[in-house]
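# Structure assessment
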Amino acid sequence: VQEEKIFAGKVLRLHVCTMEGAEWLEEVPEDTTVEKLKERCLKHCLPGSLEDPKTVTHHKLIHATSEKVLTDTKTVLEENIQDRDVLLLVKKRAPALLPKMADVVAEEKRKQEQKAPDKDAILKATANLPARSVDRTVSHHNMRDFQTELRKILVSLIEVAQKLLALNPDAVELFKKANAMLDEDEEDRVDEIALRQLTEMGFPESRAVKALRLNHMSVTQAMEWLIEHADDPAVDAPLPGQAPAEAPAEGAASSAEAAAGPSSEEGGEEAKDELTEIFKKIRRKREFRPDPRAVIALMEMGFDEKEVVDALRVNNNQQNAACEWLLGDRKPSPEDLDKGIDTNSPLFQAILENPVVQLGLTNPKTLLAFEDMLENPLNSTQWMNDPETGPVMLQISRIFQTLNRT
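This section reports on the structure supplied with the text.

Thresholds applied
Residues numbered from 1 in each chain as written. Predicted model: local features only at pLDDT ≥ 70, side-chain atom pairs only at ≥ 80, totals over all residues. Heavy atoms only, no water. Helix = DSSP H or I, 4+ residues; strand = E, 2+ residues; numbered from the N terminus. Buried < 20%, exposed > 50% of the residue type's maximum accessible area, 1.4 Å probe, protein only. Contact = heavy atoms within 4.5 Å. Areas by Shrake-Rupley, 256 points an atom, 1.4 Å probe, with all protein chains shown as cover. Pairing = 2+ DSSP bridges. Disulfide = S-S within 2.5 Å. Axes fitted to C-alpha atoms, helices over the stretch in contact; angles between N-to-C directions. Left-handed = near helix turned anticlockwise from the far one by under 90°. Arc of directions from axis to C-beta.

## Observations concerning the overall build of the chain
Tallying secondary structure elements over the chain gives 20 helices and five strands in all. Going through the 406 residues of the chain one by one, you find that 33% of them count as buried. Pairs at least 24 apart in sequence give 59% of the contacts found in the chain among residues at least 6 apart. Surface accessibility of the chain: about 26500 Å² in total, with carbon and sulfur atoms responsible for 53%.

Dropping the structure here:
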């Protein structure tokens with residue numbers, strides 16, 4: 001008996017498959033290398049293929065269960081192959097061919113053609129064009145003129161709407177209701193849950209209200225503000241541009257007095273006077289409310305509170321624009337904001353002749369919308385989306401844009 005047979009390792013029966021569907025059994029000792037096993041498999045399925053030495057390297061054996069590619073230099077035992085395991089003989093994919101030099105040059109040329117021109121190329125191409133400069137100051141001035149003109153339109157339309165509504169016998173009652181609605185203005189309310197959270201932490205209610213208004217009702221930011229300003233002597237002072245706590249109560253009382261005014265059975269002059277008073281009260285409630293943070297920031301720069309409020313009113317509560325206004329020529333002035341448009345101008349006549357606008361001016365809600373947008377331009381989106389006032393605002397905007405282009 002040969003010595004090799006006495007000390008031979010365990011013989012494994014392996015099930016081998018190819019991608020073409022061929023199947024057979026290979027019996028190999030467990031100390032056989034994967035490369036030798038691969039040669040035996042190639043002899044079985046591709047007779048004569050071993051004449052090319054690259055054939056072995058161009059194929060690989062895969063363990064079907066673990067999907068592992070077997071290493072040529074390891075033995076069957078080292079690859080942990082068991083008896084009756086299934087192996088798959090697969091031809092390796094050919095490596096991608098290197099691109100030809102002509103193709104590389106063509107691709108590079110295509111990339112260069114698609115590349116955006118640099119600054120030097122732009123200057124060279126535009127060297128013979130006439131020079132034109134845009135005055136940014138003029139552009140900013142034109143935008144400011146647009147805002148001023150729009151305010152003038154609203155001021156004049158408010159006057160027309162008041163005259164039309166004064167002719168309505170039910171106008172007094174309608175505006176009493178509107179006046180009562182304004183007493184419940186959302187902007188004067190404080191988030192009760194947020195306020196309770198701060199007061200439960202031990203902060204005084206008045207300070208908590210001020211902190212919440214300064215920090216847009218954010219409990220976390222309000223708490224940080226309260227801690228930061230705990231030792232500030234002015235921590236309990238009312239916010240700039242806002243009335244003391246007693247003022248709303250007085251306003252509510254005067255609203256109640258207005259609601260209890262003369263009845264519709266009294267003379268027409270008394271009804272008109274009552275309606276005029278209600279208009280005044282509504283106007284006062286819709287007064288401009290400056291952003292408290294912007295007021296504080298601008299006052300810290302050394303500006304007086306009144307001029308800061310004027311700057312924010314002219315610039316729709318935009319802090320940067322207000323700062324530029326304070327440092328610049330201060331045009332337009334706050335007084336200019338209360339002037340109406342020329343009633344004989346083509347623009348105003350076109351607006352008044354529009355049927356949608358004419359119908360809208362007889363609706364008290366339209367007047368309230370005009371008053372609100374006049375003092376709080378940021379609320380214009382709310383009125384544009386309102387089913388009653390939206391169509392009126394859309395027509396005014398279209399007429400303004402059309403005549404502004406001509």
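## Some remarks on unusual backbone geometry
Residues other than glycine seldom take positive phi values, yet Asn80 does so here, at roughly 60°. You can call Asn80 exposed: its relative accessible area is 56%. Here Arg330, not a glycine, exhibits a phi torsion of approximately 55°, which is positive. Secondary-structure assignment places Arg330 in the loop between helix 15 (319–327) and helix 16 (346–353). Given a relative accessible area of 29%, Arg330 falls into the partly exposed group.

## A short note on the pairing of strand 1 (residues 11–18)
Alignment of strand 1 against strand 2 (residues 23–29), held across seven bridges, turns out to be antiparallel. Among the inter-strand pairings, His15 is bridged to a residue of strand 2, identified as Leu25. Hairpin connection of strand 1 to strand 2: four residues between the antiparallel strands, including Gly21 at a positive phi of 105°. As paired elements, strand 1 and strand 5 (residues 86–91) share four bridges and run parallel to each other. Bridged to Thr18 within strand 5 is Leu89.

## Side note on the state of the cysteines
Overall, the coordinates contain zero disulfides when judged by the stated rule. This cysteine, Cys41, is not joined by any disulfide, and Cys45 carries the nearest cysteine sulfur, 7.0 Å off. Assessed through its relative accessible area of 26%, Cys45 is described here as partly exposed.

## Regarding the packing of helix 13 (residues 292–299) against helix 15
Closest axis-to-axis distance for the helix 13/helix 15 pair is 10 Å, and the angle between their directions is 35°. Crossing of helix 13 against helix 15: the hand is right-handed. For the pair helix 13 and helix 15, the contacting residues are Ala294, Ala297 and Leu298 in the first and Gln319, Ala322, Cys323 and Leu326 in the second.

## Notes on helix 16
Every buried residue of helix 16 is listed here: Leu347, Phe348 and Ile351. The arc enclosing the buried residues of helix 16, seen along the axis, measures out at 95°, which places them on a common side. Residues Pro346 and Glu353 are exposed on helix 16 and point more than 90 degrees away from its buried face.

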